[in-house]
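Architecture at a glance
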Amino acid sequence: MAYGETGEDGDVQTYTEEDGLLRPKTHVSIPSTTWQLVKLAVPLFLSSVSWVGMKATDTSLLGHLEEEGTLYLSAVAVADLWTSSTGVFIQGRVLGTFVGQAVGAGKPDMAGVWLQVSLACLVPLTVIPLVLWSTLTSSVISLMTTDTSLLAPGALYAGVLASALPGRVLYSQLSQYL
């Protein structure tokens, strides 16, 4: 016995009953599948591009803060090396996989549970870079360079980034959840 349904995209999905189970007959529409993938990829691409654009804007503005020299640009470059290398503690990227599996299995409530679990794991881990960036940046910069004029602006930059960590973690997890 065969059954048929018309999806939102106009494709007809047919099902057959084998061994008492309803199994889909695969009917793949390449344009429809491609369009669905593009719809998923566009927000991810825009998010990545916006991060690169934000960093490029920060760097270009920092280059113009001082009339002569590159004090702030150099300080931020050294501090950014430090913050980027220790920021891996807040890079939780598995939530999207778990949410997709939960929703695909027809258990959207589990997606919310996975969001809560990811936040419960990442919030305590956020304390590590927050403390590192707030307290050790000057010491680390002094190990990287002999130019002591970079210490104060570099520490300020890392402190401002540290204050944004809770929002950054929350945004990261919510964007994977949605």
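Details of the structure are given in the entry above.
Residues numbered from 1 in each chain as written. Predicted model: local features only at pLDDT ≥ 70, side-chain atom pairs only at ≥ 80, totals over all residues. Heavy atoms only, no water.

**Some remarks on the packing of aromatic side chains**
We apply this condition: Centres within 6.5 Å make a pair out of two Phe, Tyr or Trp rings, where for Trp the six-membered ring is used; the pair is then stacked when the planes are under 30 degrees apart, edge-to-face when over 60, and tilted otherwise. Runs of H or I in DSSP of at least four residues are treated as helices and runs of E of at least two as strands, each being numbered from the N terminus. Exposure categories follow from relative accessible area, calculated using a 1.4 Å probe and restricted to protein chains: below 20% of the type maximum is buried, above 50% is exposed, and the middle band is partly exposed.
This structure, assessed with the given rule, holds 1 aromatic pair. Ring geometry for Phe 98 against Trp 114: centres 4.4 Å apart, planes inclined by 25°, an arrangement best described as stacked. A residue pair is termed long-range when its members are at least 10 positions apart, and Phe 98 in helix 3 (residues 95-104) and Trp 114 in helix 4 (residues 108-135) qualify at 16 residues. A relative accessible area of 32% places Phe 98 in the partly exposed class. Taking relative accessible area as the criterion, Trp 114 reaches 29% and is therefore assigned partly exposed.

**Notes on helix 4**
Keep this limit in mind: A helix's residues, less one, multiplied by 1.5 Å, set its expected span. The quantity called bend is, for any residue, the angle between two axes fitted respectively to the seven residues ending at it and the seven beginning at it.
For helix 4, with 28 residues, the first-to-last C-alpha span of 41 Å sits near the 40 Å given by 1.5 Å per residue. Of all the bends found along helix 4, the most pronounced is centred on Val 123 and spans about 25°, while Pro 124, a proline, follows it within four residues. For helix 4, the set of buried residues is Ala 111, Gly 112, Leu 115, Ser 118, Leu 122, Thr 126, Pro 129, Leu 132 and Trp 133.

**What to know about a nonpolar patch on the surface**
Note the cut-off: Surface patches are drawn from residues lacking salt bridges whose relative accessible area is over 30%; two like charges belong together within 9 Å, two nonpolar side chains (Val, Leu, Ile, Met, Phe, Trp, Tyr) within 5 Å. To be clear on the numbers: accessible area is Shrake-Rupley with a 1.4 Å probe, and residue cover counts the displayed protein chains and nothing else. What makes a salt bridge here is a side-chain nitrogen of Lys or Arg within 4 Å of a carboxyl oxygen of Asp or Glu, nothing more.
A contiguous nonpolar surface patch, about 590 Å² in accessible area, is contributed by Trp 35, Val 38, Val 42, Phe 45, Leu 46 and Val 49. Structurally, the position occupied by Val 42 is in helix 1 (residues 30-62). On the basis of relative accessible area, Val 42 is assigned to the partly exposed category, the value being 41%.

**Digging into the nonpolar core**
The criterion, for reference: Here, nonpolar core refers to any group of buried Ala, Val, Leu, Ile, Met, Phe, Trp, Tyr and Cys residues whose side-chain atoms link them within 4.5 Å. Any pair of residues with heavy atoms lying within 4.5 Å of one another is described as a contacting pair.
Listed in full, the 10 residues of the largest apolar core are Trp 82, Ile 90, Leu 122, Leu 132, Trp 133, Val 140, Ala 158, Ala 162, Leu 165 and Val 169. Those elements that provide at least two residues to this core are helix 4, helix 6 (151-163) and helix 7 (165-177). Among the elements that line this core, the one with the most residues is helix 4, at 3 residues. Non-local contacts of Val 169, meaning those with residues more than four positions away in its chain, are made with Ile 90, Leu 122 and Thr 126. Leu 62, Ala 79, Ile 141 and Leu 150 belong to the second largest nonpolar core, which has 8 residues in total.

**As for the environment of Ser 163**
Of note, Ser 163 is situated in helix 6. Along the chain, Ser 163 and Ser 134 lie 29 residues apart, while their C-alpha atoms are 8.9 Å from each other.

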